[in-house]
Amino acid sequence: MENPSHPPAPGLPAPPPPGAAALPPGTYAGQVVLVTGGGTGLGKAIAAEFARLGADLVIAGRRPELLAAAREELAAVPGAGRVTAAVCDIRDPERVAEVFDAAQAALGPPDVLVNNAAANFPCPAEDLSPNAWRAVVDTTLTGTWFMTREFGRRHLAAGTPGSIVNIGASYAWTGGPGFAHSAAAKAGVKNLVETLAVEWGPYGIQINGLVPGLFPHADMTGDIRGGLDRAALGGRDARQPALRVGVPRELGWAATFLASPYARFVTGHTLVVDGANWQRRSLVNPEVTPLREQLGRGPFVP
């Protein structure tokens, strides 16, 4: 029975409704924004908020059918500029250069780069094969570097300012049991933010990180959704200090701010948007359950 002197905690308030914008209309009018992994999930949600503010968009990804559907959806966002799509494997530096060439030919040189594309799946570290390791690290870290390098070199050569937002993960700080490959890669992505902010700041190029918390969406992989379902025992929201999960547009609002004229003095920073979910929240740590048990795997067999 509830104690009337202690009413239920309300948690953090819900965000403004769909269609609301965090910045003035037209903030990105005349600017070109390139979003990797922009055809699905959080990448598409981020792209939508740039579109709402007038940006011309280039969404890049590996699956043309998803890019085509996302292009139509994003072009219909009120306030959107032109939208184009580019098939790209960011692990290939030659293809990365071609995407920038195509973007420039279609819309003009990108003013903003959002490095959202990544690869991930849960796996005990001892079970990771060399190919599994490379699949994640080559996309998440090396691919992000190839995109960032191409963007930076073009702006340095032209003498023009630019803004980069790297999508990170909180286990870059905390470690990520079950995600050794991704956690190591995301730690590298975070360090790129801090290193390049110093190297490229004198030339007008800012770079920041953006870390999402739990933002359920329709494009989650089965592995990730399975992990969320396991975490939902007893109620997913009850496991969040905010007592709710995030709404994808909230991440989009944060991205549009970090790359905007209103954040020009913010660089080398990684913003965590997760309702404090990554912080310690108990007086005593819970008992340790080995990762293999958490994933329902038997004893390790080499």
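Model, not experiment: these values are computed from the prediction. (Residues numbered from 1 in each chain as written. Predicted model: local features only at pLDDT ≥ 70, side-chain atom pairs only at ≥ 80, totals over all residues. Heavy atoms only, no water.)

J.: Sorry if this is basic, but what is going on with the pattern of salt bridges here?
T.: A side chain of one charge can pair with a side chain of the opposite charge if their charged atoms are brought near each other. Taken as a whole, this structure holds 13 salt bridges when the rule is applied. Between D56 and R82 there is a salt bridge, with its nearest N and O atoms 3.0 Å apart. In this pair, D56 is assigned in strand β2 (residues 56–61) and R82 in the loop between α2 (64–75) and β3 (83–87), connecting sequence segments 26 residues apart. Its salt-bridge partner being R244, residue E250 comes within 2.9 Å of it at the nearest N-O pair. When sorted by exposure, E250 lands in the same class as R244, which is buried. By sharing partners, the salt bridges in this structure join E126, D127, R292 and R297 into a single network. (Salt bridge = Lys/Arg side-chain N within 4 Å of Asp/Glu carboxyl O. Helix = DSSP H or I, 4+ residues; strand = E, 2+ residues; numbered from the N terminus. Buried < 20%, exposed > 50% of the residue type's maximum accessible area, 1.4 Å probe, protein only.)

J.: Looking at this model, I keep getting lost on the layout of surface pockets. Mind explaining?
T.: Which parts of space are left empty comes out when a probe the size of a water molecule is rolled across the atoms. Of the pockets and cavities examined, the second largest pocket occupies roughly 310 Å³. K44, A45, A48, E49 and E73 are, among the 17 residues lining the second largest pocket, the residues nearest its centre. Taken together, the elements giving at least two residues each to the lining of the second largest pocket come down to α1 (41–52), α2 and α8 (248–258). Top element by residues in the lining of the second largest pocket is α1. It accounts for 6 residues. Residue composition of the lining of the second largest pocket, by class: 8 nonpolar, 3 polar and 6 charged. (1 Å grid on protein atoms, 1.4 Å probe; cavity = no way out; pocket = protein on both sides within 12 Å on 5 of 7 lines; lining within 4 Å. Points joined across faces, edges and corners; volume = space filled by probe spheres on them. Nonpolar A, V, L, I, M, F, W, Y, C, P; charged D, E, K, R; others polar.)

J.: For this particular structure, what's the right way to read α1?
T.: Along an α-helix, residues three or four positions apart point the same way, because every turn accommodates 3.6 residues. When the terminal C-alpha atoms of α1 are compared, their 17 Å separation across 12 residues agrees well with the 16 Å that a helix rising 1.5 Å per residue should span. Most of α1 sits inside the fold, with 11 of its 12 residues counted as buried. If you check which residues of α1 are buried, you get G41, L42, G43, K44, A45, I46, A47, A48, E49, F50 and A51. (Expected span 1.5 Å × (residues − 1).)

J.: Any chance you could explain the side chain of Q240 here in plain terms?
T.: With respect to the helices and strands, the residue Q240 is situated in the loop between α7 (222–231) and α8. At a separation of 3.4 Å, a polar atom in the side chain of Q240 contacts the side chain of N277. Not counting the four nearest positions on each side in its chain, Q240 is found in contact with L214, V245 and N277. (Polar contact = N/O pair within 3.5 Å; in protein donor to acceptor, adjacent residues only side chain to side chain. Contact = heavy atoms within 4.5 Å.)

J.: Looking at this structure, I do not really get unusual backbone geometry. What am I missing?
T.: Glycine aside, residues mostly have negative phi angles, and peptide bonds mostly take the trans form. Of note in this structure, L243 is not a glycine but carries a positive phi near 60°. One can find L243 in the loop between α7 and α8. On the basis of relative accessibility, which here comes to 33%, the residue L243 falls in the partly exposed class. Even without a glycine there, the phi angle at A276 is positive, about 70°. Note that A276 resides in the loop between β7 (270–273) and α9 (291–294). Under the relative-accessibility criterion, A276 is labelled partly exposed at 37%.

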